[in-house]
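So you can see what is in the structure, the chains are spelled out below.
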Amino acid sequence: MLKLVWLIPVLPLLGFLFNFLLGRKLRLSERAVTTVACGVILVSMLLTLGAFYEYHWTFNPANEDKPYLTSNDGFPGAFTWLPGGAAHNTQGQQTGAVSNFNIEWSYQIDQLSLVMMFIVTFVGFWIHVFATGYMRGDKGYYRFFAYLNLFMFMMLLLVMGSNFMIMFIGWEGVGLCSYLLIGYYFNKQEAADASKKAFVVNRIGDFGMVLAIAGVFATFGTLQFHDVANLSAAYPQEHLWQFGLMSWLALGLFIGATGKSAQIPLYIWLPDAMAGPTPVSALIHAATMVTAGVFMVTRTNFIFQRSVTMMMIVALVGCLTAFIAATIGITQTDIKKVLAYSTVSQLGYMFMGAGVGAFVGAIFHVFTHAFFKALLFLGSGSVIHGMHHEQEMPRMGGLKKYLPTTYKTMLMGWLAICGIFPFAGFFSKDEILWKTFSTRIFGGGWILWVVGFITAGMTAFYMTRLMGLTFWGKERFRKSQGEGHDSHGDHHGPVEPHESPRSMTVPLIVLAVGSVVVGWLGFPGGAKFNAFERWLEPVIVDVNRTPATRFHAAEAAPEASSVSVPAETGAGESTAAHGETAHEGISGIELLLMVLSVAIAAGGMYLGWVFYVKRPDLPKVWAAKLRPLYTLSFNKWYWDYLLDVKGVEAGKALDNALWDVDSQFVDGGVNGSAWVTRFWSAVTGWWDKWVIDLAVNATGWITRAGSFVLRTVQTGFWQNYVLMFAVGLFVILIYYVYPAISTTIKGFTGK
Amino acid sequence: MPGRIQIFGIGILSWVTWLPAVGAIVLLFFNRAKNNSIRGFANMWIVLCFLVSVPLVTGLGGGRPGYDRAYGGLQFIEDHDWIPLIGARYQLGVDGLALVLVMLTTLLGVLSIICSWAYIREKGREKEYYIMMLLLQSGMLGAFVSADLFLFFIFWEVMLVPMYFLIGIWGGKNRLYSAIKFFLYTLVGSVVMLLAVLKLFFIFPDVVKAQRPAVEATARQIASSSIADPERRGQVNEGMLNLALDAMKRADGIDPQTKQPLPSGYAHSSFNITAMTAIGPHIKTVFGLGLVIWLFIGFGLSFAIKVPMFPFHTWLPDAHYDAPTAGSVILAGVLLKMGTYGFMRFSLPIFPDAATDSRVRTWMVTLAIIGIIYGALVAMAQKDVKKLVAYSSVSHLGFVMLGLFAFNPNGINGAVMQMINHGISTGALFMLAGILYERRHTYEISEFGGLASVMPTFATIFLIVTLSSLGLPLMNNFIGEFLTIRGAFEARVSWGAFAAVGIILGAAYMLWLYQRVFFGQVTNKANEGLKDLDAREAWQFAPLIFLIFWIGIYPKPLLSYIEPQTNVVVAQVQPDYFKNTTQRPQVAEEQQK
């Protein structure tokens, strides 16, 4: 199976090509499109499970050169993609070394990528199934599934790539698919705007990413994660407030992560992205793509961990994002927008976890979040479907009667995201909170914990609000018909909510079960209970142990996971050396914090229930009382306005100003020089005409005048010539003779 | 084994160069009224011209191999007497760089003629139009294949003329202004270049005499540094070296063929480009740095106008705006590459001392970076499709210049990739804009909107090209942009950072354009009944789209053509770059496997 992993991304690609190229031409039936699109994902999922099995039970990295496919394995598994020739390392300790800029198209199969591949294919498959029902009858059915498959291909590349470049290809590719799918209803202005915004904002993140990749190459001379991890072990730890090379690399990567994973300041695209069809929101904007940033930070933890400053920045940004997004989520009325802000908030948790060194916790939260957030989105999709494309929660209410399955499954998701024991969200969120509280990477973890703790309460509150407005309370959809038409525009008949078809409810049930059980994998209490942590331990570099390499850790991994005896000691040791949490079993404080967070979740839920079910008049009252806070939250802290409206205006003003400069000034120079030339040509033309030419003409005129005289003389008659001769003779005679005569006369007169 | 193909005793490069011109002459004898046969002939002939260029890559069988990448350097060399009195010879030859550009030219030639099928039927004067197109083709190909500076200069000038007429006769409403602007602007550069060429010609014998051994060593090094195959390391490209050595013999006043002194009146100098490159590093020791910089400026100004670099770019949007579609395709696809090709072929290797001079380099890089960012920002302010694409060219060509002046293999490889990719993507964009124009007779963006529902195939193709243009991975432009950024980063981190800003802006203006044209509802009544692409219109994009993906997904073959010439340039401008390299040209190693 491990030799076949290259098929895992290729199959969705084939599915994409099939549906995209033939879908319209052959007018494929929905059934054909579906069979291909879901079939390839199913096979990919099975292959992933096979790879998982083999990696865990029979694969021994110690016997292999590298834990991934390389170009030595040959096409189509892997090959040299971009041979770029010699390049000098210009940064870091390797400065001066020359290496070939050689990028392999190769896959890295290890604990981390297997987890991600599992999430992507498993959740992805069920979302595909859901979409077959949700998109039924849509004009662009084939196009939708083609894009979904393309997304799967790109996402799998992202998580399977064994070097920064392949990851980046996937990174950009999922961005493209996100663009295509957000803009799926391209006739809607809102969707078109949102898709462009998503892409451009992500591009801002990519700016950092590209530079970081160039920097990694200039530092290490390679882009393979494996080699970079080994080489980076030689670099000293950069302490707090120290901002050296590793910090810069980490910063670049993190800028990329803030774009893709919707963190402050680049989170603004994600809520808008809800303009896409709901399965897309579930797959791309909740379960998989937006967690790519967390994955990337974990994948490159060997760089992040070298810089305490950047770790702190990651944690701070995550914490702040979690908090701010939660505050915004409280006041939104569009069901998908609430979920979107909740996603941003949960992603913030993940980054907070990564920042305090709990990479495993972060990935664990990615894992559980993928299930319950996909579930919530699909549930909301089912609601929207049942409500005939109504998304405004104030026009719902009391739906549990009409959509029983959706309701029951959503309930699981709701409990999971609120962090109620024993649902999935509890374990992952709690691990992050505990690790944040007890972090030793930098001081003051408890402050972050307090913020995270409050956010947990808010999460419970707004999620309960969502449930309350949607499923409980009074039925508001009938009476609000008239209003609905005013603002909504497109006409739909009298709303009679209905349960969704089986193709949509089955995925809901599967994911609901997942939302309950997947958390048990990461039972708190150290390596003994926490299978998830045990599994991922080898991926996380231990910076305090030299020469800590991912590879060495990988050697120890299978023993740790498959053989029971050394597992405890091996993993325990490394946990201890981590310097975060040296513990066996649950310590008293951890237990206390757990109880506290369940308590605040319960509190938030109760408050939500009071506000939106028991006494629906309360929200208005409190909104009025807390007017400034309410407006701030409702207007999303004005960040969107600042960036998207004012920022874009400023940008356009700059463009237009430059265009003026270009057309007036730069081009003016060219036209000016043409004008000067023409002016001078006019001047010289004038000079030519009135001075030079005049002189020439004057010469001609004089000549002509002279010739006129001469012509009149030269008559050709001999009599005239004789006459002239005689006259001439006479003149000459006078001339010569006259002096003589005059002298003679003088002589005679005696004067 | 260097490539060497003759057809009926005439070298293949002569065929490739002159065949379009022959077609133009044949067209002269067509009856002006028989438009259909004229059009048919021209379309057929240009395809024939393309087919004739294919053996350059594939070989022709029977001991007539195509271009040997592992061997590198100039191949298919032809060398004949031409004007002995001034030392100009008819010397042709292509290296990997020129070869790739020749192929691009012949391909875009075909596409540009095919895509003007409907347009020119409407505009009229078909006979003259096709004659001009074919002459243009000959001019451009000649410039790429010339191994003699004088011959190059002739072609360089010749290709201006048909372009002038193409814009001036078949162009848009402001065509005369644009045509004259284009012609004069380029001509200004050419004149300066001519002076520099002549100066180079006159100092050639002096440098050779003063620095004989050093010059010969450099020539040998050039002829061997292009050999990419490690097994043949130390060998030289004989044909290339002989051209240079012959030129030096002529500088001594000896005819290399007969070994006799040259007849009196014959110039004791040469225009051979390899020989010029060989004296390049030694001009400074004989005549001082000042002259080198002046010569660099002489060549550089001409090329900078052609590229066009900021602030010499304003002729471009006008020329594009008013040119017919085919003219724009050729202009963006090939003519602009003349400038960057010139830098890569002449300015950098012949005047390394000037290029590496910190003042010159800082200026060039600064202008390149300004071009990248400024071009992108101004593109965003444009109100019509063609000008937007034209300004995006300024931005993309800025990348090329930045990569060239990074002076390292990644940067230069990236620059050349970018040249080709820009030709493909922008060529396709202009063809797409042309289709819009044929439908609606306007390029105004605000006239469109919601076209994706009316013209789905068109929208799909446009999207692919847009994505390629904004540098999405697995498409062609990404390779060029990334290598360029990587190279610039290696040269100086801040250069890489500035260049990377370009990729954000690139996404912004292209996607905004796409959104305004294709997304939303069809608001303009005139757009409601637009018909989607017909078979000819759709299939003419097939080769370009194939190339977009092929280069993006598997760039290795293309890089292996480019790399040898890159190494020559790097070795010339940074002689000790490869000093501590143990495994330099690995392209060839890959080939061996």
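What you see is a predicted model; the values in this text were computed from it and never measured. (Residues numbered from 1 in each chain as written. Chains lettered and ligands numbered in written order. Predicted model: local features only at pLDDT ≥ 70, side-chain atom pairs only at ≥ 80, totals over all residues.)

Colleague: Where do I start with helix H1 (residues 12–28) of chain B in this structure?
Modeller: Spacing of three or four residues puts side chains on the same side of an α-helix, whose turn is 3.6 residues. Residue and element names in this part refer to chain B. With 17 residues, H1 ought to run about 24 Å at 1.5 Å a step, and its terminal C-alpha atoms sit 25 Å apart, in line with that. Of all the bends in H1, the greatest, near 40 degrees, is centred on Trp18, and the proline Pro20 appears no more than four residues after it. Among all positions in H1, only Ile12, Leu13, Val16, Thr17, Leu19, Pro20, Ala21, Gly23, Ala24 and Leu27 are buried. (Helix = DSSP H or I, 4+ residues; strand = E, 2+ residues; numbered from the N terminus. Expected span 1.5 Å × (residues − 1). Bend = angle between axes of the 7 residues up to and from the residue. Buried ≥ 20, exposed ≤ 12 C-beta atoms within 10 Å, placed from the backbone.)

Colleague: Would you mind showing me how to read the environment of B:Ile273 here?
Modeller: Residue and element names in this part refer to chain B. By secondary structure assignment, the location of Ile273 is in helix H12 (residues 273–287). Exposure remark for Ile273: the 25 C-beta atoms within 10 Å place this residue in the buried category. Sequence separation between Ile273 and Leu149 is 124 residues; the distance between their C-alpha atoms is 5.8 Å.

Colleague: What's the story with the nonpolar core in this structure? I'm lost.
Modeller: The tendency in soluble globular proteins is for nonpolar side chains to be buried as a group. Ranked by size, the top nonpolar core spans 457 residues in total, and within it A:Ile213, A:Ile363, A:Ala374, B:Val102 and B:Leu402 carry the most contacts. The element that contributes the greatest number of residues to this core is helix H6 (residues 189–220) of chain A, accounting for 19 residues. Excluding residues within four positions of it along the chain, A:Ala374 makes contact with A:Val123, A:Ile127, A:Ala282, A:Ala286, A:Ala287 and A:Leu511. (Core = buried A, V, L, I, M, F, W, Y, C linked by C-beta atoms within 7 Å. Contact = placed C-beta atoms within 7 Å.)

Colleague: What exactly am I supposed to notice about the packing of helix H9 (residues 175–210) of chain B against helix H13 (residues 289–306) of chain B here?
Modeller: Packed helices, taken two at a time, are described by their axes: the angle between them and the distance between them. All names here are of chain B. Running from N to C, H9 and H13 point in directions that differ by 155 degrees, and their axes come no closer than 8 Å. In this view, H9 runs roughly antiparallel relative to H13, as classed from their interaxial angle. Seen along the crossing, H9 lies across H13 with a hand that is left-handed. Note on element contacts: H13 touches H9 through Leu295, Gly298, Phe299, Leu301, Ser302, Ile305 and Lys306, opposite Tyr185, Thr186, Gly189, Ser190, Val192, Met193, Leu195, Ala196, Lys199 and Leu200. (Axes fitted to C-alpha atoms, helices over the stretch in contact; angles between N-to-C directions. Parallel < 35°, antiparallel > 145°, perpendicular 65-115°, else oblique. Left-handed = near helix turned anticlockwise from the far one by under 90°.)

Colleague: I would appreciate a short explanation of the packing of helix H14 (residues 335–355) of chain A against helix H15 (residues 359–386) of chain A in the present structure.
Modeller: Residue and element names in this part refer to chain A. Interhelical geometry of H14 versus H15 gives an angle of 175 degrees and a closest axis separation of 9 Å. Comparing the axis directions of H14 and H15 gives the class roughly antiparallel. On H15, the residues touching Ile335, Lys336, Leu339, Thr343, Gln346, Tyr349, Met350, Gly353 and Ala354 of H14 are Phe359, Gly361, Ala362, His365, Val366, His369, Lys373, Leu376, Phe377, Ser380 and Val383. Taken together, the residues of the contact of H14 with H15 break down into 11 nonpolar, 7 polar and 2 charged. (Nonpolar A, V, L, I, M, F, W, Y, C, P; charged D, E, K, R; others polar.)

Colleague: How do you make sense of the pairing of strand S1 (residues 79–88) of chain A when you look at a structure like this?
Modeller: Remark: a regular strand shows side chains that alternate across the two faces of the sheet. Residues and elements named next belong to chain A. Counting buried positions along S1 yields 9 of 10 residues, so the element is predominantly enclosed. As judged from the 7 bridges shared by S1 and strand S2 (residues 98–105), these two strands associate in the antiparallel manner. Among the inter-strand pairings, Ala87 is bridged to a residue of S2, identified as Ser99. (Pairing = 2+ DSSP bridges.)

Read these as layout, nothing more, since geometry by itself doesn't imply function.
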